[in-house]
Amino acid sequence: MSRRWHLELHPKVEKLSAHNGLGTSFFHPTHAVLQLHDDAQNKMEPRKPSFHWKSRDHRKNRHRIMAPNDKYDRRGDGFIEKVGHMRRLEYWNVSWWVAMAYTYGSIVWVINGFLVFLPFCNSSVSANMTATGWTAWLGATIFEFGLESRDVANFGFVIEQKLGHAKEEEALVEKGIPKKKWVWFSLDPRYFRELGFLAAFVQFWGATIFWISGYTAIPQIFNAIENDTPLFNGVFWSPQVVGGSCFIASSAILMLETQKKWYKPNVTTLGWHVGCAVVWNFIGGIGFTLCGALGYAASASSGAAYQSALATFWGGWAFLIGSVIQWYESVNSV
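About the criteria used
- Residues numbered from 1 in each chain as written.
- Predicted model: local features only at pLDDT ≥ 70, side-chain atom pairs only at ≥ 80, totals over all residues.
- Heavy atoms only, no water.
- Helix = DSSP H or I, 4+ residues; strand = E, 2+ residues; numbered from the N terminus.
- Buried < 20%, exposed > 50% of the residue type's maximum accessible area, 1.4 Å probe, protein only.
- Contact = heavy atoms within 4.5 Å.
- Areas by Shrake-Rupley, 256 points an atom, 1.4 Å probe, with all protein chains shown as cover.
- Phe/Tyr/Trp six-rings, centres within 6.5 Å; stacked < 30°, edge-to-face > 60°.
- Pairing = 2+ DSSP bridges.
- Axes fitted to C-alpha atoms, helices over the stretch in contact; angles between N-to-C directions.

**Quick notes on the overall build of the protein**
Item 1. The helix and strand inventory of the protein stands at 12 helices and 3 strands.
Item 2. Expressed as a percentage of the 334 residues in the protein, the buried residues total 49%.
Item 3. At a minimum sequence separation of 6, the contacts of the protein that also span at least 24 residues come to 68%.
Item 4. A total accessible area of about 16100 Å² is found for the protein, and carbon and sulfur atoms account for 63% of it.

What follows is the structure, encoded as structure tokens:
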């Protein structure tokens, strides 16, 4: 059981229990049971409804029932209706922007992997260094701008809205409580005790380092350094290995965030599949890491060159699957 609690609760909401999957008090809770309370409530009345709060759902805006200004209800009755929500342009929802960036970035990487791998499958097709170079730069750049920011605003008040069926704006102004401001980035030490923040922090540096390989893939730069093996390995292959390894670590942390126990996979939760250490983003990270690791020997071994190109292709597809699920997740309330 984690005794830490870092988010402000609405006056009508009480925390019954809170814990994280690692079973340590060092990290903030990733799961909690919350309940409405009323000091004047008759003890003979039925208990108020409780709610299972999850840090990932909170971070992804999934506790929010209504869109701003009550434009529409974000809940859905079935899978088909929820898929239909993906047509919405939730410009106000940063998680939607993150999902869009990674989806389009993954599409670019799938195209890049196809262009790189195709010459190995069809000898009549020659490598197009211009197309592969610029798609690598574009994919890496989109990934860099797709990083997620921290949302510490309005936590308990959205929960009160969900449990009490009140409008969020009414909950916010109740008892003179001001609406909080969005926090884009922070190095406040308390955030480093949050698994979600740690995952984003690791991914930030991973994407930044990975971008170096995208920049050096630009044809003019690539042609200038490819014959200098030490330099080429250092600024083209190595950033892929380091960046891909950070993607793996970030995905592992996200998996731990969604699990109630660190050793027990939570396969029924969407968030687990998005950040799962066995599937999707983890596989994508392995693919991009292997691309760089095998690339060191690509000039001397045709087998290594083949597998390096193939790893980019299936790694991009893994990221694309995870990104589409994240898109679905971002536009649907729990």
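From this point on, the discussion continues.
**Thoughts on the packing of aromatic side chains**
Item 1. In the structure shown here, the tally under the stated rule is 29 aromatic pairs.
Item 2. Centroid distance F192 to F201: 5.1 Å. Interplanar angle 75°. Geometry classified as edge-to-face.
Item 3. Residue class for F192 comes out partly exposed when judged on its relative accessible area of 26%.
Item 4. With a relative accessible area of 23%, F201 lands in the partly exposed category.
Item 5. One aromatic cluster is present, built from ring pairs that chain together Y102, W109, F143, F210, F247, F288 and F319.

**Considering the sheet that holds strand 2 (residues 31–36)**
Item 1. Reading across the sheet, the 3 strands line up as 1-2-3 and stay open at both edges, with antiparallel pairing between neighbours. Pairing within the sheet leaves two strands with one partner each, and these edge strands are strand 1 (13–19) and strand 3 (50–54). On average, adjacent strands in this sheet sit at an angle of 25° to one another, irrespective of strand direction.
Item 2. Two strands pair when backbone bridges link them, and strand 2 and strand 3 are joined in this way by 5 bridges, in the antiparallel orientation. In the sheet register, H31 faces strand 3, and the bridge partner there is K54.

Just geometry here; none of it tells us what the structure is for.
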